[in-house]
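Listed below are the residues making up each chain.
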Amino acid sequence: NEPTAAAIAYGLDNESEGVYAIYDLGGGTFDISILRLTQGVFEVVATGGDSALGGVDYDHALADWVLAQTAAQAATASDKAALKVAARACKEALSAISSVAFSVELTGASVHFDVNQSQLEAATAALTSRTIAAARKVLRDAKLAAQDVKGVVMVGGSTRMPQVQAAVAQFFGHAPLNNLNPDEVV
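Okay, so let's go over this structure. (Residues numbered from 1 in each chain as written. Predicted model: local features only at pLDDT ≥ 70, side-chain atom pairs only at ≥ 80, totals over all residues. Heavy atoms only, no water.)

## Quick look at the overall build of the protein
- If you tally the helices and strands in the protein, you get five helices and six strands.
- In sequence order, the secondary structure elements of the protein are arranged as α-β-β-β-α-α-β-β-α-β-α.
- Taking the principal axes of the C-alpha coordinates as reference, the protein spans close to 65 × 25 × 25 Å.
- Counting only residues that meet the buried cut, the protein has 45% of its 186 residues in that class.
- Intrachain contacts of the protein at a sequence separation of at least 6 include 60% that bridge at least 24 residues.
- Of the roughly 8,900 Å² of accessible surface on the protein, 50% is carried by carbon and sulfur atoms.
- Charged side chains of the protein number 12 positive and 20 negative; the gap between the two group centres comes to 6 Å. (Helix = DSSP H or I, 4+ residues; strand = E, 2+ residues; numbered from the N terminus. Buried < 20%, exposed > 50% of the residue type's maximum accessible area, 1.4 Å probe, protein only. Contact = heavy atoms within 4.5 Å. Areas by Shrake-Rupley, 256 points an atom, 1.4 Å probe, with all protein chains shown as cover. Lys, Arg positive; Asp, Glu negative; His and termini not counted. Charge placed at Lys NZ, Arg CZ, Asp CG, Glu CD.)

Next comes the structure, spelled out in structure tokens:
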């Protein structure tokens, strides 16, 4: 299965025995799995997530926030599509740099607004909190605590966002494993 494939990609099957979390925040869904490694074999202990939460929701939240800041409106379907493209580009750029221009041409308006990482984090904090709530529930189902998890594997392009990395590190008490391309780890 995908969580086990991600764990193997990180070489966790060669690590010491213990409990590992696979945090998978893709474009359209969020999944969290808890795996236990015993004598080189992974057992899926618990799974959960939110099938209605993904990177596209971060895009929508950012677009809505920018519109609120600028008092602009997306009047047409093409405006909404353009906003989605601009929001995604802005979100992805903010994973690597601290500030970026959000720029989009709408019917009757041009929107040019500088967005920084802390603004993106504030605009999407509720979404990130939902992933942590799902992780908390999966750990509860597994009858484990966050400190029982030896490592967290990040899967899915949306895990590149600094606020997601920070929230996962804070919740589990250590930095997640993120040195492999999260889009290709599975």
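After presenting the structure, the write-up continues.
## A closer look at the packing of aromatic side chains
- Applying the stated rule across the entire model yields three aromatic pairs.
- Note on Trp65 and Phe113: the rings are 5.6 Å apart at their centroids and 70° apart in plane angle, and the pair reads as edge-to-face. With Trp65 in helix α2 (residues 55-70) and Phe113 in strand β5 (residues 109-116), the pair connects residues that are 48 residues apart, well separated along the chain.
- Take Trp65: its relative accessible area is 19%, and that puts it in the buried class. (Phe/Tyr/Trp six-rings, centres within 6.5 Å; stacked < 30°, edge-to-face > 60°.)

## A word on unusual backbone geometry
- Even without being glycine, Gln39 reaches a positive phi, approximately 50°.
- The topology assignment puts Gln39 in the loop between β2 (30-38) and β3 (41-50).
- Note on Gln39: relative accessible area 72%, which makes it exposed.
- With a phi close to 60°, Ala71 is a non-glycine residue in the positive phi region.
- Here Ala71 is to be found in the loop between α2 and α3 (77-93).

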